[in-house]
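# Structure at a glance
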Amino acid sequence: MGHLRLSDCRKKFINVLPEQQLGEEHSSLDSFRKAVKIAPRNRKEFSLIVLTNENRILIGLKHRGFGKGMFNSFGGKLEKGEDPVVAACRELHEETGISVTVKHMTESKIGILHFTFEDDPVEMCVHLFRVNVSCCGHATDKADNAASEQILVDPLTIRGCDEITPEWIENFYHIPLHNMFADDSIWLTFVLASKKKVVLDGWFHFLAGGQEVNTIHHHFVDIKTDPKSELPKSETMTLEKRLFHRMHSKSIISPSPKEFNEAWAFSKVVKKSLRCNELDCIIDVAGGHGALAAILLITTAATRAIVVDPAQVGRDSVRKAWADFFPEKELRYRHECLRSGLPAELELALKATSRDRILVVACHACQHLSDETVKLSCKFGVHVCVMPCCQKDPSTGSSWKAFSKNVSFPIEQTMDILLAGKAMSWNTGQEAGVRYDVRIKFIDSKITPQNRVIVCRSSPNDGEVPRTEKSHRKLQQAYRRAHKRQKSFYDISKLVGMHPSLHLVGGFILGALTSALLFRTREKINADL
Ligand SMILES: Nc1nc2c([nH]c(=O)n2[C@H]2C[C@H](O)[C@@H](COP(=O)(O)OP(=O)(O)OP(=O)(O)O)O2)c(=O)[nH]1
């Protein structure tokens, strides 16, 4: 335990207030008390919760009350007789919608801040908490939060109230300290920059003039670090997380977290199944917002992606959120149905690149659309991956539905297998001079139960015997095997070196010898008698 330098931590923050607004720093509480002559008569208690997620912080713009027009962490006055921890849970929920258990909030307490003012005899006593949350794409389950160490938050459920609007700051060091209370430039910078869990006892005496002046006269901060209580190791910001956070920090609702997770998982399957450094063009069919197209642009070598969908769903959201992740690449939307839009785009793409560098994808396109996507793509001989949904049996008499029922196999899976079967049929791709290697892969069923990705990888069959020819040869072999006996007789004659025309002569001689032998035997028997 010991005193740490506050000013060193401050240097990393780009919006920190100038030293003259932060007043004189004292090295002891005695020294601070001697300098601050006004003794406060009344005391008011508040809670204040610093809410972080990895190296991001959620703060709120205040619309009324103390600090109106400025950013602050969440919190408020304690109600009469209310425990500070309970007040912190209540205020955090009221102002952000985030639920934290009393137990977790108790463990999250990191100190007390005391504020006095030259023009106000009331001392403000603020109970300080630091809550670190994990953002996820699933609805927050209070029971899970209670049971685990982590607070899981679905970013879409974060909401403000008439008093405050929450906003994520993507990087601690960019926090708008120039529009926050002056003391934040002292203690908040320290709390955020410190790798260890810190416990504070902060004393701040402000000059008269309230938030307009926002200047500290004297301050003293007693900081203790507990070497045993390390902060939870912050997870590394994977690309997936950066994309996800960027999306919800811009309050984007299309794609939803579920759709984002589906697109991300789908893209992973694609990347495992195809040579992604060789892709050039992605066509995302029924792609709506275009999240899948954008993710593939970001994570593969492809330079162009086209979203073919008659509906205009959240196209600007994806650009708004992720444009700087694919700066030199092109994301284009074609608002047209797949039947005409896909062949038109495939023709355009084939003018610019070779078919083995083109990939058509469809994530959760209804089954008839997935069917048509595969059919058209195979006609052009390009790679195609689909994850169908809304499978129905289109056959007359619903024969597949009956089959599924008989073998207790879900119709959705039957239809997917049938689609894979069509793609790997002997003729598929022949017209384009390719053959298809077809696999069914899975994404996590927790993301979606419709989790089968049909991956159809095309490869040239130049110089190769067409599959129909191969099977014809096999049939001939089988036919020969079936007539082996006839063949073997011919083979034996060949073996003894006899010409087939001599068979007759041989037979005649053999017959004559046998008759002579029989005749002699009969004569001998007659003589004996
Ligand atoms: N960061 C920081 N926070 C402060 C300072 N002074 C101060 O009161 N706060 C916090 C403590 C409280 O969380 C909040 C003030 O509470 P408030 O006036 O909004 O109380 P409330 O939510 O109950 O408001 P209301 O509904 O009664 O209008 O600001 C300060 O100097 N720096």
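Residues numbered from 1 in each chain as written. Predicted model: local features only at pLDDT ≥ 70, side-chain atom pairs only at ≥ 80, totals over all residues. Heavy atoms only, no water.

As annotated in an unreviewed UniProt entry, the protein is Oxidized purine nucleoside triphosphate hydrolase from Fistulifera solaris. The UniProt entry for the protein carries the following text under Subcellular location (unreviewed entry): "Nucleus". Entered under Subunit (unreviewed entry) in the UniProt record, the comment concerning the protein runs "Monomer." (UniProt positions renumbered as here; feature names shortened; annotations may be inferred.)

### Concerning the packing of aromatic side chains
Here the structure, examined in full by the defined rule, presents 10 aromatic pairs. Both rings, one in Phe 260 and one in Trp 264, keep their centres 6.4 Å apart while their planes meet at 20 degrees; by these two values the pair is stacked. A residue pair is termed a helical-turn pair when its members lie 3 or 4 positions apart in one helix, as Phe 260 and Trp 264 do in helix α10 (residues 257-273) at 4 residues. Exposure class is identical for Phe 260 and Trp 264. Each is buried. Arranged with centres 5.6 Å apart and planes meeting at 85 degrees, the rings of Trp 400 and Phe 403 form a pair that is edge-to-face. Taken as a pair, Trp 400 and Phe 403 lie in helix α15 (residues 399-406) at a separation of 3 residues, close to a single helical turn. Taken together, the ring pairs in this structure connect Phe 115, Phe 117, Phe 204 and Phe 206 into an aromatic cluster. Taking the ring centre of Trp 168 as reference, the NZ or CZ of Arg 56 above it sits at 3.9 Å. Just above the ring of Trp 264 sits the side chain of Lys 271; from NZ or CZ to the centre is 5.1 Å. (Phe/Tyr/Trp six-rings, centres within 6.5 Å; stacked < 30°, edge-to-face > 60°. Helix = DSSP H or I, 4+ residues; strand = E, 2+ residues; numbered from the N terminus. Buried < 20%, exposed > 50% of the residue type's maximum accessible area, 1.4 Å probe, protein only. Lys NZ or Arg CZ within 6 Å of the ring centre and 35° of its normal.)

### Here's the deal with the sheet that holds strand β14 (residues 330-334)
With respect to topology, 7 strands assemble into an open sheet ordered β14-β13-β12-β15-β16-β18-β17, the strand pairing being mixed. With one partner strand each, in any of the chains shown, β14 and β17 (434-442) form the two edges of the open sheet. Averaged over all pairs of adjacent strands, the angle between their axes in this sheet comes to 15 degrees, without regard to strand direction. Sheet strands in contact with α10 are β15 (358-366), β16 (383-389), β17 and β18 (452-460), and its direction is about 145 degrees off that of β15. Across the face of the sheet, helix α13 (residues 338-352) comes into contact with β12 (281-285), β13 (304-308), β14 and β15 while running at roughly 165 degrees to β13. (Pairing = 2+ DSSP bridges. Axes fitted to C-alpha atoms, helices over the stretch in contact; angles between N-to-C directions. Contact = heavy atoms within 4.5 Å.)

### Some details on the environment of Arg 304
Among the structural elements, Arg 304 can be located in strand β13. Separated by 28 residues in the primary sequence, Arg 304 and Arg 332 have C-alpha atoms spaced 7.8 Å apart. Apart from the residues lying within four places of it in its own chain, the contact partners of Arg 304 are Asp 280, Cys 281, Ile 282, Leu 297, Glu 330, Ala 349, Ala 352 and Thr 353.

### Looking at the packing of α13 against helix α14 (residues 367-380)
Viewed as axis vectors pointing N to C, α13 and α14 meet at an angle of 30 degrees, and their least axial separation amounts to 10 Å. Relative to α14, α13 is oriented roughly parallel. Seen from above, α13 lies across α14 with right-handed handedness. Here α13 contributes Leu 338, Arg 339, Leu 342, Pro 343, Leu 346, Glu 347 and Leu 350 to the contact with α14, which in turn contributes Leu 369, Glu 372, Thr 373, Leu 376, Ser 377 and Phe 380. (Parallel < 35°, antiparallel > 145°, perpendicular 65-115°, else oblique. Left-handed = near helix turned anticlockwise from the far one by under 90°.)

### Quick word on the site of the ligand
Residues in close proximity to the ligand total 19 residues, the closest being Lys 62, Lys 77, Met 124, Asp 183 and Asp 184. Arg 64 is positioned such that a nitrogen or oxygen atom in its side chain is 3.1 Å from an oxygen atom of the ligand. Across the complex, the protein chains shield 87% of the 650 Å² of accessible surface that the ligand would expose by itself. Mapped onto the shell around the ligand, the elements with two or more residues apiece are β2 (42-53), β5 (74-77), α4 (84-96) and α7 (184-193). (Near = heavy atom within 4 Å. Polar contact = N/O pair within 3.5 Å; in protein donor to acceptor, adjacent residues only side chain to side chain. Areas by Shrake-Rupley, 256 points an atom, 1.4 Å probe, with all protein chains shown as cover.)

### With respect to the packing of α14 against helix α16 (residues 411-423)
Taken N-terminus to C-terminus, the directions of α14 and α16 make an angle of 10 degrees; their axes are 10 Å apart at the nearest point. On the basis of their axis angle, the class for α14 and α16 is roughly parallel. Relative to α16, α14 is oriented so that their crossing is right-handed. Of the residues in α16, those touching α14 at Gln 367, Ser 370, Asp 371 and Val 374 are Met 415, Leu 419, Lys 422 and Ala 423. Each residue belonging to the contact of α14 with α16 can be placed in one class, and the counts come to 4 nonpolar, 2 polar and 2 charged. (Nonpolar A, V, L, I, M, F, W, Y, C, P; charged D, E, K, R; others polar.)

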